[in-house]
There are 2 protein chains.
Amino acid sequence: MTTRWLTPEEQRAWRAYIASVALVEDALDRQLQQEAGMPHLYYSILASLSEAPERRLRMTDLAERLKITRSRLTYAVTRLEKDGLVRREDCRWDKRGSIATLTDEGMRVLERAAPGHVETVRALLFDRLTPEQVGQLEEIFTAVGEGFQGDSAHATPEDVPWRRRSPKSCS
Amino acid sequence: MTTRWLTPEEQRAWRAYIASVALVEDALDRQLQQEAGMPHLYYSILASLSEAPERRLRMTDLAERLKITRSRLTYAVTRLEKDGLVRREDCRWDKRGSIATLTDEGMRVLERAAPGHVETVRALLFDRLTPEQVGQLEEIFTAVGEGFQGDSAHATPEDVPWRRRSPKSCS
DNA sequence: CGGTCTTGGTTCAACTTTGAAACAAACCTA
DNA sequence: TAGGTTTGTTTCAAAGTTGAACCAAGACCG
């Protein structure tokens, strides 16, 4: 089929999207780097752990929640562990497993950083949207996210290196 | 003021947004890496140049359009130049200036990669949205983008390292 | 059991990004 | 026009990311 180029409307939407997303992520990274000494992803790792039962999560589960590669997570957790914000423990049920646990110190850092982070998210995003737009935002990205369920929906329609595993959380 | 935490709706929207944006960017990067041997940003650089008059743009202008730091752009252009897709020229009007020009080879690479890229953008985003949602998407991110006009709207409300310069395009 | 395949994590090298510092050329301004 | 400031760009080291390769340890199967 001959390429279905973007319509003018789609093009405008795409450009606005690309530009703003980059700006928002950068601003978030800078804000957290300043106030908590870590990039947004690292903050998200702490946040995810804080919400998990016992503040613990297996590496693979954590990687999946955050939609990042295991390799990237390994690197990040190693750093957070050095900073004393996260601790690695062995999984007793599965000796291959490694469990990341949020330390008390990590929890404190997270709690200290949270207000500023939320404030920034508001300033960048929600304060600029109407309540209806917030709803639309959710619907749009929920729909987009669903495109990644099960299949890859991109590049090579085959070879997907990340498959969801069974939910044996081992906690 | 005590922190205005996110409401449940906002929280859902935020999470859907964060997750999907990451997935989309990753998918885009992989697709372009496979088909064109370069990440999305590099493709965008070529695309921006291709639309500029004479396919030339000053580094700073280019950086601004793409919302990236000059340093990041320098690195990227150096790579693209090595690959022969972009050429650097001196600006005659302002000897400090450096102008990036898309080479014919760069144009060819861009044209070869474009169909696949657009197809991916569709598969990931537009094919999953209704026409109304496309409109909403544009409005939402246009609004968000406007938050970055002139002020910094984030982290340190002062020190903004990027100011818009006068539009002497020097072409 | 013994062999094989899969899964959970880490490692490593190549690449990219970041932010501060360094430069050099324009621009004032007294 | 000398001296100081701003602007355009690059450089450099530290930090982060990527993807392939590797190493166990579970799971399966005959």
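Residues numbered from 1 in each chain as written. Chains lettered and ligands numbered in written order. Predicted model: local features only at pLDDT ≥ 70, side-chain atom pairs only at ≥ 80, totals over all residues. Heavy atoms only, no water.

- As recorded by an unreviewed UniProt entry, chain A carries the name MarR family transcriptional regulator and is attributed to Streptomyces curacoi.

### Re the overall build of chain A
Then, number 1: For chain A, the count of helices and strands is six helices and three strands.
Then, number 2: Secondary structure elements of chain A, listed N to C terminal, follow the sequence α-α-β-α-α-β-β-α-α.
Then, number 3: Looking at chain A as a whole, 49% of its 171 residues qualify as buried.
Then, number 4: Long-range contacts, defined here as pairs at least 24 residues apart, represent 53% of the contacts in chain A between residues at least 6 apart.
Then, number 5: Summing over all exposed atoms, chain A offers an accessible surface of approximately 9100 Å²; the carbon and sulfur share of this is 51%. (Helix = DSSP H or I, 4+ residues; strand = E, 2+ residues; numbered from the N terminus. Buried < 20%, exposed > 50% of the residue type's maximum accessible area, 1.4 Å probe, protein only. Contact = heavy atoms within 4.5 Å. Areas by Shrake-Rupley, 256 points an atom, 1.4 Å probe, with all protein chains shown as cover.)

### As for the sheet that holds strand E3 (residues 98-102) of chain A
Residue and element names in this part refer to chain A.
Then, number 1: The strand order across the open sheet formed by three strands is E1-E3-E2, and the pairing between neighbours is antiparallel. Looking along the sheet, the strands with just one partner apiece sit at the ends: strand E1 (56-58) and strand E2 (86-90). The mean angle between the axes of side-by-side strands here comes to 30°, regardless of whether they run parallel or antiparallel.
Then, number 2: Pairing geometry for E1 and E3, over three bridges, is antiparallel. Residue pairing in the sheet places arginine 56 in a bridge with threonine 101 of E3.
Then, number 3: This element, helix H2 (residues 40-51), spans E1, E2 and E3 of the sheet and lies at about 90° to E3. (Pairing = 2+ DSSP bridges. Axes fitted to C-alpha atoms, helices over the stretch in contact; angles between N-to-C directions.)

### A few points about the pattern of salt bridges
Then, number 1: One pass over the full model with this rule turns up 28 salt bridges over all chains.
Then, number 2: A salt bridge links Arg4(A) to Asp127(B); the nearest nitrogen and oxygen atoms lie 3.4 Å apart. You can see Arg4(A) sitting in the segment before helix H1 (8-36) and its partner Asp127(B) sitting in the loop between helix H5 (104-124) and helix H6 (131-146), one on each of two chains.
Then, number 3: Among the residues examined, Arg4(A) registers a relative accessible area of 32% and is labelled partly exposed.
Then, number 4: A salt bridge links Glu138(B) to Arg12(A); the nearest nitrogen and oxygen atoms lie 3.1 Å apart. Residue Glu138(B) is found in helix H6, and its partner Arg12(A) is found in helix H1; the two belong to separate chains.
Then, number 5: Arg12(A) sits in the partly exposed class, given a relative accessible area of 42%.
Then, number 6: Connected via shared salt-bridge partners are Glu54(A), Arg56(A), Arg87(A) and Glu89(A). (Salt bridge = Lys/Arg side-chain N within 4 Å of Asp/Glu carboxyl O.)

### Thoughts on the sheet that holds strand E2 (residues 86-90) of chain B
All names here are of chain B.
Then, number 1: If you trace the three strands from one edge of the open sheet to the other, you get E1-E3-E2, paired in antiparallel fashion. Bordering the open sheet on either side are strand E1 (56-58) and E2, each of which pairs with just one other strand. In this sheet, neighbouring strand axes are inclined to one another by 30° on average, regardless of whether the strands run parallel or antiparallel.
Then, number 2: Pairing of E2 with strand E3 (residues 98-102), which is carried by five bridges, proceeds in the antiparallel orientation. Residue pairing across strands places aspartate 90 opposite serine 98, the latter belonging to E3.

### Quick notes on the relation of the copies chain B and chain A
Then, number 1: By a simple turn and slide, chain B fits onto chain A: the slide is 0.0 Å along the axis, the RMSD is 0.1 Å, and the turn is 180°. Expressed as a symmetry operation, the mapping of one chain copy onto the other fits a two-fold axis. (Least-squares fit on C-alpha atoms with pLDDT ≥ 70 in both.)

### What to know about the nonpolar core
Then, number 1: Residues Leu137(A), Phe141(A), Leu137(B) and Phe141(B) are the most contacted members of the largest nonpolar core, which totals 46 residues.
Then, number 2: Of all the secondary-structure elements, those providing two or more residues to this core are H1, helix H5 (104-124) and helix H6 (131-146) of chain A together with helix H1 (8-36), H5 and H6 of chain B.
Then, number 3: If we skip the residues at most four places from it in the chain, Phe141(A) touches Tyr17(A), Ala16(B), Tyr17(B), Ser20(B), Val21(B), Leu137(B) and Phe141(B). (Core = buried A, V, L, I, M, F, W, Y, C linked by side-chain atoms within 4.5 Å.)

### Topic: the protein's contact with DNA strand D
Then, number 1: Taken together, the neighbourhood of DNA strand D is formed by 21 residues, with Arg72(A), Thr60(B), Thr74(B), Arg88(B) and Ser98(B) sitting nearest.
Then, number 2: Each atom of DNA strand D within 4 Å of the protein was classed as base or backbone; sugar and phosphate made up 71%.
Then, number 3: In this structure, a phosphate oxygen belonging to DNA strand D sits 3.0 Å away from a main-chain N or O atom of Lys95(A).
Then, number 4: Within the side chain of Thr74(B), a nitrogen or oxygen atom sits 2.8 Å from a phosphate oxygen of DNA strand D.
Then, number 5: Within the residue set of the surface near DNA strand D, elements represented by two or more residues are H2 and helix H4 (70-82) of chain A together with helix H3 (59-66) and helix H4 (70-82) of chain B.
Then, number 6: In terms of residue count, H4(A) provides more of the surface near DNA strand D than any other element does, four residues in total. (Near = heavy atom within 4 Å. Polar contact = N/O pair within 3.5 Å; in protein donor to acceptor, adjacent residues only side chain to side chain.)

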